[in-house]
Amino acid sequence: MSYTGEQVDELQQRTYLRWSKDDFLPGESFQNWSTYQSALSQICFRFKDRLISRSDDANEIAKLRKQSENDMKRCLTWWDLTWFGFGSVIGAGIFVLTGQEARHAGPAIVLSYVASGISAMLSVFCYTEFAVEIPVAGGSFAYLRIELGDFVAFITAGNILLESIVGSAAVARAWTSYFTTLLNRQPNSLRILTNLSKGYNLLDPIAVAVLALAATMAMISTKKTSQFNWIATALNIVVILFVIIAGFTHANTSNLTPFLTKGAKGIFQAAAIVYFAYGGFDNIATMAEETKNPSRDIPLGLLGSMSIITVIYCLMALSLSMMQKYTEIDPNAAYSVAFQSVGMKWAKYLVALGALKGMTTVLLVGALGQARYTTHIARAHMIPPWFALVHPKTGTPINATLLMAVSSGLIAFFSSLDVLSSLLSVSTLFIFMMMAVALLVRRYYVREVTPGINLLKLVIFLLIIIASSMGTSAYWGLRPNGWVGYLVTIPLWFLATTGISIFLPQQRTPKVWGVPLVPWFPSLSIATNIFLMGSLEPQAFIRFGICTGVMLVYYIFIGLHATYDMTHQQQKPEALKVKNEDEEGKA
């Protein structure tokens, strides 16, 4: 949105602590009941407009940022982003998931971490190119809005926000459990038993307090949060190094035999689960707006941290597999029991401390990333713009941080970890897949430049890539020991990717840093994410469908009209400016 000097002065004079209708529903469609009825009568027209319309780099980087009234402080370097990467990704997942899946994949759990790490790195490549080119707080929401439009961006972003809220609540509940382990007490001893229905009857005030503390620190200062994260993550790395070194010190290579206990099937089934130990790196992309030199700092911070994390995960899995036979690994407390078996019973407290510190930094970096995601969504008026405001003194989005913290706190207070775990969904993999699609669209299609026939070819090739990847995933699920189906699906994927490479010229070249081997890496990212989606339980897809349906209702009745109003309000001053320039030229 463009502003005159008087309007900018007026914005600066407005207080941050305000609560008016225009801060929540400022568009023309919501002025009164009559205008809202008029807006509802145009749903089909407006939906089509939003479906085919696209944002652009300049709008996301400059114009939308003015909706926050104050800028976030550029205070982060590659060093901060690297440690944010460690803090965001390395949580309790590595301690919990490794033990659970080692009993299924055997010592080959190491290869599961390699496979899931490669898949994660492919997504990291896509995120990095977008974050360098479009350094804004919105992360994947902004990127998808530019390349695939408002509607796709809203659905994917909505699912990620819900996943973030539920994920933070689950981590906070797990924090309480690990804390009781340190105190040598029962897991539920610090929770309040009530007469509510099972799954909601154990109230967890400690989880709420931890979320509140993480949100408070995130609201006070991004730089101070980074410094605390650096210290906490460094201590966690020390614990992890101890686990790796102590594990190899007590290693018995005979425990690695047999290595492939369940063949390739076991490796990939475990990979689909341990993949979630790599989750959280997308939070780093949302901090691009606060990075001093995005073109240098983001590739170093994001790619550097994820490369090191992949190596750490593989070494931790290998140390566990060499320390104890896979059939004897405890799925609930793998490392603690393994150390106990080699006479290091005291090490379980160190493992619990490491997990506790890891979960603390996950919540801390999550509070930062989720709030910035929310801020940019509010800038586009898909949710009330009140949540887009940045505080003039702290330079942080306090309103957005409070929204995410309160939502997670309410869920964490009532819901048990089992209930929250059942809500884990396909959302993360879905949006990673969409990011790869968006990157191919960005490289091979530019509006008003790319010929229509090339656009048609691109759409056809993308549909074949997606369909063949779905076919590969489905065949793996139905016939894991079969091979005939792959003779159809894999060549189709290969031919479609080759078609993009040969028949379509790239329309845009990254200015600073770009994904290598395009279209192969993005196409492979699409295939691997869809493959991993196919390994999830049906309940994940049911939840995804229900949540998407709820979001559609909100979009049709509120989000659609708010974004339509904002877009056309932006176009009016620009049209007026062009008209004035034409009149001056004639004069």
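What you are looking at is a predicted structure, and each value in this text was computed from that prediction instead of being measured.

Novice: With reference to specific residues and values, describe the overall build of the protein.
Specialist: Counting its secondary structure elements, the protein contains 23 helices and two strands. Over its C-alpha atoms the protein spans a radius of gyration of 25 Å, differing by no more than 12% from the 25 Å that the globule rule assigns to 587 residues. In terms of overall dimensions, the protein has a C-alpha envelope of 90 × 55 × 45 Å along the principal axes. Burial statistics for the protein: of 587 residues in total, 56% are counted as buried. For the protein, restricting intrachain contacts to residue pairs at least 6 apart in sequence, the fraction spanning at least 24 positions comes to 85%. Summed over its atoms, the accessible surface of the protein is roughly 24,800 Å², and 67% of this surface lies on carbon and sulfur atoms. Separation of charge centres in the protein, based on 43 positive and 35 negative side chains, amounts to 8 Å.

Novice: Quick one: what's the story with helix α7 (residues 109-133), residue by residue and with numbers?
Specialist: Counted at 1.5 Å a residue, the expected span for α7 with its 25 residues is 36 Å, and the 36 Å between its end C-alpha atoms agrees. Here α7 lies mainly inside the structure; 21 of its 25 residues are buried.

Novice: Tell me about the packing of helix α14 (residues 294-323) against helix α15 (residues 334-341), and name the residues and values.
Specialist: At a minimum axis separation of 10 Å, α14 and α15 run at an interaxial angle of 40 degrees. With respect to α15, the axis of α14 lies oblique. The way α14 lies across α15 gives a crossing that is left-handed. Seen from α14, the contacting residues are Met316, Ala317, Ser319, Leu320 and Met323; seen from α15, they are Ala334, Tyr335, Ala338 and Phe339.

Novice: Outline the nonpolar core, listing residues and values.
Specialist: In this structure, Tyr113 and Tyr313 are the most contacted members of the largest nonpolar core, which totals 156 residues. The greatest single-element share of this core, amounting to 15 residues, is contributed by helix α16 (residues 347-379). Filtering out sequence-adjacent residues up to four positions away, tyrosine 113 remains in contact with Ile94, Leu97, Thr98, Val274, Ala277, Tyr278, Tyr313, Cys314 and Ala317.

Novice: Tell me about a nonpolar patch on the surface, residues and numbers included.
Specialist: The grouping of Trp78, Trp79, Trp230, Ile231, Leu235 and Leu300 at the surface amounts to a nonpolar patch, some 580 Å² of accessible area in total. Put simply, the parts of the chain that give the nonpolar patch at least two residues each are α5 (78-89) and α11 (222-249). When residues of the nonpolar patch are assigned to their parent elements, the largest contribution, three residues, is made by α11. The topology assignment puts isoleucine 231 in helix α11. For isoleucine 231, a relative accessible area of 47% translates into the label partly exposed.

Novice: Quick rundown of the confidence of the model for the protein? Include the residues and the values.
Specialist: Put simply, the protein has an average pLDDT of 85, and 93% of its residues get 70 or more. Of all helices and strands in the protein, the one with the weakest mean pLDDT is helix α1 (residues 5-13) (48), whereas helix α21 (residues 486-503) scores best (95). Per-residue pLDDT stays below 50 along residues 575-579; that stretch engages in zero contacts with residues further than four places along the chain or on separate chains.

Novice: I'd like a rundown of the packing of aromatic side chains, residues and numbers included.
Specialist: Applying the stated rule across the entire model yields 37 aromatic pairs. For the ring pair tryptophan 83 and phenylalanine 86, a centre distance of 5.3 Å and an interplane angle of 75 degrees mean the geometry is edge-to-face. With tryptophan 83 and phenylalanine 86 both in helix α5, this residue pair falls three residues apart, about one helical turn. Grouped by ring-pair contacts, the aromatic residues Phe47, Phe151, Phe154, Tyr554 and Tyr555 constitute a single cluster.

Novice: Would you mind going over the packing of α11 against α14 in detail, with residue names and values included?
Specialist: In the contact formed by α11 and α14, the axes pass within 8 Å of each other and the chain directions differ by 40 degrees. By the angle between their directions, the pair α11 and α14 is classed as oblique. The interaxial crossing formed by α11 with α14 has left-handed handedness. Touching Ile237, Ile240, Val243, Ile244, Gly247 and Phe248 of α11 are Ile312, Leu315, Met316, Leu318, Ser319, Met322 and Met323, all from α14.

Novice: Can you explain the side chain of asparagine 229? Please cite residues and give values.
Specialist: Inspection of the secondary structure assignment puts asparagine 229 in helix α11. Apart from the residues within four sequence positions on either side, asparagine 229 is in contact with Trp83, Phe84, Gly87, Thr361, Leu364 and Val365.

Novice: Mind laying out the pattern of salt bridges, listing which residues take part and the relevant values?
Specialist: Where side chains of opposite charge bring their charged atoms close, a pairing between them can arise. In total, this model carries 19 salt bridges according to the counting rule given. Among the salt bridges present, the one from glutamate 129 reaches arginine 443, with a minimum N-O distance of 2.9 Å. Of this pair, glutamate 129 sits in helix α7 while arginine 443 sits in helix α19 (residues 427-444), placing them 314 residues apart in sequence. A salt bridge links aspartate 204 to arginine 191; the shortest N-O distance between them is 2.9 Å.

Novice: Which residues make up the environment of asparagine 454, and what values do they have?
Specialist: By the secondary structure assignment, asparagine 454 is in helix α20 (residues 452-478). In this structure asparagine 454 comes out as buried when scored by relative accessible area, which is 13%. Residues asparagine 454 and isoleucine 500, 46 residues apart in the sequence, show an inter-C-alpha distance of 9.7 Å. Setting aside chain neighbours within four positions, we find asparagine 454 in contact with Leu504 and Pro505.

Novice: Could you give an account of unusual backbone geometry, with specific residues and numbers?
Specialist: With an omega of -5 degrees, the peptide bond between threonine 257 and proline 258 qualifies as cis. Among the secondary structure elements, proline 258 is positioned in the loop between α11 and α12 (263-274). Geometrically, the link from valine 518 to proline 519 is a cis peptide bond, its omega value of 15 degrees lying close to zero. Counting through the fold element by element, proline 519 comes out in the loop between α21 and α22 (520-533). Phi is positive for histidine 381, close to 70 degrees, though the residue is something other than glycine.

Novice: Can you break down helix α3 (residues 43-52) residue by residue, with the values?
Specialist: Those residues of α3 not exposed but buried are Arg46, Asp49 and Arg50. With its buried residues spanning 95 degrees around the axis, α3 presents them on a single face. α3 presents Cys44, Lys48 and Ile52 as exposed residues on the side facing more than 90 degrees away from its buried surface.

Novice: Could you give me a rundown of the environment of serine 221, with the residues and numbers involved?
Specialist: Tracing the backbone through its elements, the reader meets serine 221 in the loop between α10 (205-220) and α11. The spacing of serine 221 and glycine 395 is 174 residues in sequence and 7.4 Å in space, taken between C-alpha atoms.

Novice: Mind laying out the environment of threonine 472, listing which residues take part and the relevant values?
Specialist: Relative to the helices and strands, threonine 472 resides in helix α20. Given a relative accessible area of 16%, threonine 472 falls into the buried group. Separated by 16 residues in sequence, threonine 472 and valine 488 place their C-alpha atoms 8.8 Å apart. Among all residues touching threonine 472, those that are not within four sequence positions of it are Tyr486, Thr489, Ile490 and Phe531.

So, how was this worked out
- Residues numbered from 1 in each chain as written.
- Predicted model: local features only at pLDDT ≥ 70, side-chain atom pairs only at ≥ 80, totals over all residues.
- Heavy atoms only, no water.
- Helix = DSSP H or I, 4+ residues; strand = E, 2+ residues; numbered from the N terminus.
- Rg over C-alpha atoms; globule rule 2.2 N^0.38 Å.
- Buried < 20%, exposed > 50% of the residue type's maximum accessible area, 1.4 Å probe, protein only.
- Contact = heavy atoms within 4.5 Å.
- Areas by Shrake-Rupley, 256 points an atom, 1.4 Å probe, with all protein chains shown as cover.
- Lys, Arg positive; Asp, Glu negative; His and termini not counted.
- Charge placed at Lys NZ, Arg CZ, Asp CG, Glu CD.
- Expected span 1.5 Å × (residues − 1).
- Axes fitted to C-alpha atoms, helices over the stretch in contact; angles between N-to-C directions.
- Parallel < 35°, antiparallel > 145°, perpendicular 65-115°, else oblique.
- Left-handed = near helix turned anticlockwise from the far one by under 90°.
- Core = buried A, V, L, I, M, F, W, Y, C linked by side-chain atoms within 4.5 Å.
- Patch = residues over 30% accessible without salt bridge, like charges linked within 9 Å, V, L, I, M, F, W, Y side chains within 5 Å.
- Salt bridge = Lys/Arg side-chain N within 4 Å of Asp/Glu carboxyl O.
- pLDDT = per-residue confidence, 0-100.
- Phe/Tyr/Trp six-rings, centres within 6.5 Å; stacked < 30°, edge-to-face > 60°.
- Arc of directions from axis to C-beta.

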